[in-house]
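Residue-level listing of the chains:
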Amino acid sequence: MLKQLESQYEKILSDYMSDQTEKNLYIAQNFTRQLIQKNISPEDVVNIHKNAVGKIFPDRMVEDQPAYDFLIEVMVHYGMAHREHQSLLQIQAEYEMEMKIATNIQKTLLKTVVPQLSSIDIGMISIPIRKMNGDYVHFLYNREDYLSVAVTDVVGKGVPAALCMSMVKYGLETLEYAYKDPSYVLEVINRVIEKGVDDSMFVSMFYGCLDIQNSIFSYASAGHEPALHYSAKHGEFFSLEAKGLLLGVLSDSKYSYNEILLEDNDIVVMMTDGVTEFRARDDLNSREVITSLIVENKHVSAQHLCNLLYKQIEKIQDFKLSDDFTVVILKK
Amino acid sequence: MDMTIHFKELDNKLYGFVEGEIDTFTASSLREELEAVKITEGLEIELNLSKVNYMDSTGLGIFVAFYKRASRENGKVKLVGLSSRLQRLFEITGLSDLMDIETDKKVELRK
């Protein structure tokens with residue numbers, strides 16, 4: 001193969017030496033691509049050149065030979081760097097492959113199924129900023145009696161965040177009948193996470209539970225963005241503030257229990273900080289943007305409202321969101 | 001987007017001045033700088049964040065980790081000069097009840 005390349009190169013070089021045109025230079029460029037494709041090292045290229053010069057100008061070689069040999073020696077190190085680069089590219093391709101598998105596993109493992117209930121309209125949107133989503137939503141419900149929802153945001157992104165999130169999910173799934181008490185839920189999940197992760201890792205969670213028959217929405221928060229409650233009767237929003245430390249910081253954190261009465265046409269909006277944080281637009285009050293959009297569109301379905309919020313906020317931020325974006329909306 | 005931290009030791013107290021934006025990209029250098037701080041028994045560390053114009057939850061995680069290590073090693077960490085935006089972040093996350101935090105205003109009043 002090298003012999004064939006050498007004779008090709010000799011022809012190209014000799015053409016160029018006799019006629020220095022753009023066209024001949026272009027042919028050389030195409031040849032370079034072929035060299036790269038065939039993984040010819042830089043020192044081999046110099047060697048090909050040396051042999052070609054030797055054939056085209058035999059009388060020059062006597063003088064130039066040592067200089068070429070010298071250059072070949074110098075280029076050997078470039079060749080090593082080149083091969084190292086090649087092997088890094090291969091490793092990177094392997095990583096990307098694994099990352100793809102991990103993303104798929106996450107998608108299956110942490111897939112949220114939005115319940116379809118006749119008594120309450122539920123909408124959700126969760127868009128990751130990178131491949132792996134650092135936000136997670138978990139619904140638990142018992143027929144048309146209780147519906148609980150956990151909206152979580154894990155600090156950090158990518159693989160570590162996804163691993164931590166699986167812990168949260170299985171923690172929530174083992175709750176069984178205890179899922180109706182938000183502050184108890186947060187205390188349990190906090191202990192699970194505190195034991196399992198390092199110091200700089202933690203999770204924020206808003207946990208709400210709707211007693212559908214009695215229309216009571218109880219909630220607790222672990223360092224999470226407050227949810228919003230739109231009261232149709234008053235025609236205004238109330239922030240569902242609840243004190244509580246992030247999950248995973250202290251082992252014995254306590255979380256306050258709060259409840260509100262949910263009346264007809266009321267809306268509850270739960271979200272992660274990817275929704276409220278406008279990094280590039282700190283002149284805007286994000287909560288005002290959200291509330292006015294909801295008021296203007298309060299008659300559309302919960303899912304439609306979630307989609308509208310996403311579209312609007314994405315536009316405001318010039319289509320450059322800087323965090324995972326998750327909204328859950330309940331409409332009575 | 002850049003982040004820098006300078007330390008100054010004065011009367012057995014360590015002062016750190018953080019400047020810039022703390023996000024996913026700059027966080028690792030801040031973590032390294034803080035991990036390199038040697039905490040001795042009773043050491044008081046004051047981190048001034050008045051020149052921090054943005055911080056995301058990754059940044060928060062680094063301060064929590066530093067706070068936890070300092071508490072374990074019997075040091076004291078205090079964050080001062082927080083902008084209202086940063087203060088809100090610490091309040092929502094419940095960290096303002098746990099950590100020693102002073103806002104911009106209080107620092108000004110003290111002067």
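In this text the structure is predicted, and so the values were computed from the model without any measurement.

A look at the overall build of chain B
Within chain B, the secondary structure is distributed over five helices and five strands. Counting helices and strands in the order they occur from the N terminus, chain B gives β-β-α-β-α-β-α-α-β-α. Each of the three principal axes of chain B carries a C-alpha extent, and together these read 35 × 30 × 25 Å. Out of the 111 residues in chain B, the part that is buried amounts to 36%.

Considerations on the pairing of strand 2 (residues 13–22) of chain B
Both faces of the sheet carry side chains from a regular strand, because those side chains alternate between them. Residue and element names in this part refer to chain B. Here strand 1 (residues 3–10) pairs with strand 2 via eight bridges, running antiparallel. Bridging from a neighbouring strand, I5 pairs with V18 of strand 2. Between strand 1 and strand 2, which pair antiparallel in sequence order, lie two residues; one of them, D11, sits at a positive phi of approximately 45°. Across nine bridges, the pairing between strand 2 and strand 3 (residues 44–55) is parallel. Across the sheet, the residue bridging to F17 is N48, located in strand 3. With helix 1 (residues 27–35) bridging strand 2 and the parallel strand 3, this β-α-β connection has right-handed handedness.

Examining the environment of G274 of chain A
All names here are of chain A. Following the sequence through the fold, G274 ends up in helix 7 (residues 273–276). Taking the C-alpha atoms as reference points, G274 and V300, separated by 26 residues in sequence, lie 23 Å from one another. Excluding residues that lie within four positions of it along the chain, G274 makes contacts with D135, L321, D323, D324, F325 and T326.

Overview of the domain arrangement of chain A
Once the domains are mapped, chain A shows domain 1 (2–103) and domain 2 (114–331). The distance between the C-alpha centroids of domain 1 of chain A and domain 2 of chain A comes to 58 Å.

Focus: the interface of chain B and chain A
Listed per partner, the contact involves 16 residues of chain B and 17 residues of chain A. Elements supplying a minimum of two residues to the side of chain B that touches chain A: helix 2 (57–72) and helix 4 (95–98) of chain B. Tallying contributions element by element places helix 2 of chain B first for the side of chain B that touches chain A, with nine residues. Among the residues forming the side of chain B that touches chain A, the class breakdown is eight nonpolar, six polar and two charged.

Quick word on the packing of helix 1 (residues 2–18) of chain A against helix 3 (residues 42–56) of chain A
Residue and element names in this part refer to chain A. At a minimum axis separation of 9 Å, helix 1 and helix 3 run at an interaxial angle of 60°. For the element pair helix 1 / helix 3, the angle class is oblique. Crossing angle aside, the handedness with which helix 1 passes helix 3 is right-handed. Only I48, N51, A52, K55 and I56 of helix 3 make contact with helix 1, whose side of the interface consists of L5, E6, Y9, E10, L13, S14 and M17. A breakdown of the residues in the contact of helix 1 with helix 3 according to their chemical character gives seven nonpolar, two polar and three charged.

What counts and how
- Residues numbered from 1 in each chain as written.
- Chains lettered and ligands numbered in written order.
- Predicted model: local features only at pLDDT ≥ 70, side-chain atom pairs only at ≥ 80, totals over all residues.
- Helix = DSSP H or I, 4+ residues; strand = E, 2+ residues; numbered from the N terminus.
- Buried ≥ 20, exposed ≤ 12 C-beta atoms within 10 Å, placed from the backbone.
- Pairing = 2+ DSSP bridges.
- Right-handed = clockwise from strand over helix to strand, strands pointing away.
- Contact = placed C-beta atoms within 7 Å.
- Domains from an automatic or database assignment.
- Nonpolar A, V, L, I, M, F, W, Y, C, P; charged D, E, K, R; others polar.
- Axes fitted to C-alpha atoms, helices over the stretch in contact; angles between N-to-C directions.
- Parallel < 35°, antiparallel > 145°, perpendicular 65-115°, else oblique.
- Left-handed = near helix turned anticlockwise from the far one by under 90°.

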